[in-house]
Amino acid sequence: MIRIDGLKKEYKDFTLDVSLEFESGTINGIVGTNGAGKSTLFKSILGLIFYKEGSIEINGKNVKDFKYEDKEKIGCVMTESFFSETFTVKDIASIMNATYKTFDKDKFFKKCEKYKLPTDKRIKEFSNGMKAKLKIITALSYDTDLLILDEPTVGLDVIARDDILDEIREYMEADENRTVLISSHISSDIEKLCDTTFMIHNGKIVFHDDTDRLLCEYAALKLDEETFEKIDKSHIKAYRKEKYGYECLTDARDYYVENYPSIVVEKMSVDEMMMIIIKGERS
Amino acid sequence: MKGLLVKDIKLAWEQKALLGIMLVCALVCLFTMKDPAFIIGYMSLICSTLGSTTCAYDEMNNGMAFIMTLPFSREKYIVEKYLFSVLAGLAGWCISTVAALIFMVVLRKPVNGEFISAVLLFLVPIFLVPGLMIPIIMKFGHARSRIVFFVIMGVILAIGGITSMLGSFDITIAAFDRGLETFTFGIEKRIPYNLIVSVSLIVSFLVYLVSLFLGIMIIKKKEY
């Protein structure tokens, strides 16, 4: 389990201020706009930045006290950061083999073969999709308990994205105690993959829930002004003004379907929920 | 640390073509200038910069953030850079010394105390170069560190200029007129050359140790 308690990281014009928990055996999606704090959150967990307030614990141990054995159990993919692009796949295998006791060279090369990654070509000659696959293959080629993926599918086509999501599913199937944290701009990836979705905005978690519940029980209510004034707002999480009246985000779709049969109730994607929460007013 | 060493060896190997050209140039100079000391100084200096060059490669494409997620501490990253720099410098020093010795044997030149002192003196840059370069690169990044180096060189030249004005006018002018070799010979009259070599080695090693300490302090405060 990952427990983040009162984490506060301050910059000149931005403050990350979060408390949250990620259960073992779950895939957790972090969604948010650019600059919302997703990468800052991941960097804090990975010890790349310092914070004055709060604590981060992974399986009961503070990340500030992490030693080799603890760090070896974390796999990481970062959008714009990897080994020097002058390296080849073979070079990376040698470095990883010398770095991680549990690095599985055969598995690494088999995956490279599966995704047709040339082993003698420099990474700088790879396409974006190939680079992204290599990063994830590298992170999955040693024994880890936690996988932190910062925008692993950004800039990729549907096929490449699907390949990467398959790799993550396979990783979770191999050991039910593993945990994945993944951030993405692409909400469909989060919807397809994650058990829990966290939405971050301006450095704060604005809501989180089981992804299944988000997709089944959350909905958009389209109301004219009169209905909006009268309706029971206890299950409305956010709303925004539209030309026709109000669009509301609710976490109790069935309640409104049963009690207000005349109103329009529509299913929403995570992106649409994010739009209402960020651009609208929160109840 | 093994993984970091493998990474840096591979990064240094990326420059094999350049290193090869430099080796050929050094060998050409050895036979044309007939100065075996030159090749040792040249190769030691070039090889001792390899460690700081790998810092630039690590930095490329925001690579440091990923490297810092690998299972080792920030201190180990710095210790490895200093260790790698010295190992690379020593490799250059050993190879060039062997080449110089072969040259001297072939040309039947005597391997005397002066040669041995010169050989030992070229251990100085092996410690001094990483000692000066690594903390500056770590602090300012590779791109900005170049400007910082120029500033430092300017400061050193300015201090040198002021110091020369403080000393005896006649001696300074005469020394410059006679050139560096005579100037060195001039010092030798007053201070034994072996003492200069010993003190230089000790000072460079101390600079190296202090710099290592500084490097660790810098990286511990850095955010990626």
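Residues numbered from 1 in each chain as written. Chains lettered and ligands numbered in written order. Predicted model: local features only at pLDDT ≥ 70, side-chain atom pairs only at ≥ 80, totals over all residues. Heavy atoms only, no water.

Asker: What should I look at first to understand the nonpolar core in this one?
Answerer: In a soluble, globular protein the nonpolar side chains are often hidden away together inside. Grouped together as the largest cluster of nonpolar side chains are 87 residues, with contacts concentrated most on I4 and L134 of chain A together with Y77 and M138 of chain B. In terms of residue count, the dominant contributor to this core is helix 6 (residues 74–106) of chain B (nine residues). Beyond its immediate sequence surroundings of up to four residues, L134 of chain A is in contact with F82, V89, I92, F108, C112, L117, I123 and F126 of chain A. Grouped together as the second largest cluster of nonpolar side chains are 35 residues, A160, I168, V180 and I276 of chain A included. (Core = buried A, V, L, I, M, F, W, Y, C linked by side-chain atoms within 4.5 Å. Buried < 20%, exposed > 50% of the residue type's maximum accessible area, 1.4 Å probe, protein only. Helix = DSSP H or I, 4+ residues; strand = E, 2+ residues; numbered from the N terminus. Contact = heavy atoms within 4.5 Å.)

Asker: Before we go on, may I ask you to explain the side chain of K38 of chain A in this structure?
Answerer: Checked against the element boundaries, K38 of chain A lands in helix 1 (residues 38–45). Residues within four places of K38 of chain A in sequence aside, it is in contact with I30, V31, G32, T33, E151, S183, H185 and I200 of chain A.

Asker: Would you mind showing me how to read the pattern of salt bridges here?
Answerer: Pairs can form between side chains of opposite charge whenever their charged atoms are close. Residues and elements named next belong to chain A. What the rule picks out here adds up to 31 salt bridges over all chains. Residue D120 pairs with K90 through a salt bridge whose shortest N-O separation is 3.1 Å. Highlighted residues: D120 in the loop between helix 4 (105–114) and helix 5 (128–139) and K90 in helix 3 (residues 89–99), separated in sequence by 30 residues. Measuring nitrogen to oxygen at the nearest pair gives 3.1 Å for the salt bridge that ties E242 to R240. Residue E242 is classed as partly exposed on the basis of its relative accessible area, which comes to 25%. One network of salt bridges, with partners in common, ties together D209, R213, E217, K237 and D251. (Salt bridge = Lys/Arg side-chain N within 4 Å of Asp/Glu carboxyl O.)

Asker: Teacher, can you tell me more about the packing of aromatic side chains here?
Answerer: Centre distance and the angle of the planes are the two values used to describe a pair of aromatic rings. Taken as a whole, this structure holds 20 aromatic pairs over all chains when the rule is applied. Taking the centre distance of 5.5 Å and the plane angle of 75° together, the rings of Y82 of chain B and Y208 of chain B count as edge-to-face. One end of the pair, Y82 of chain B, is in helix 6; the other, Y208 of chain B, is in helix 10 (residues 193–221), and 126 residues separate them in sequence. For the pair Y82 of chain B and Y208 of chain B, a shared accessibility class is recorded, and that class is buried. Between F127 of chain B and Y208 of chain B, the ring centres sit 5.4 Å apart and the planes meet at 80°, which makes this aromatic pair edge-to-face. One end of the pair, F127 of chain B, is in helix 8 (residues 124–166); the other, Y208 of chain B, is in helix 10, and 81 residues separate them in sequence. The buried category is assigned to Y208 of chain B, whose relative accessible area is 9%. Ring pairing ties together the aromatic residues F82, F83 and F87 of chain A together with F66 of chain B, which thus form one cluster. Sitting over the ring of Y51 of chain A, K64 of chain A keeps its end group 4.4 Å from the ring centre. (Phe/Tyr/Trp six-rings, centres within 6.5 Å; stacked < 30°, edge-to-face > 60°. Lys NZ or Arg CZ within 6 Å of the ring centre and 35° of its normal.)

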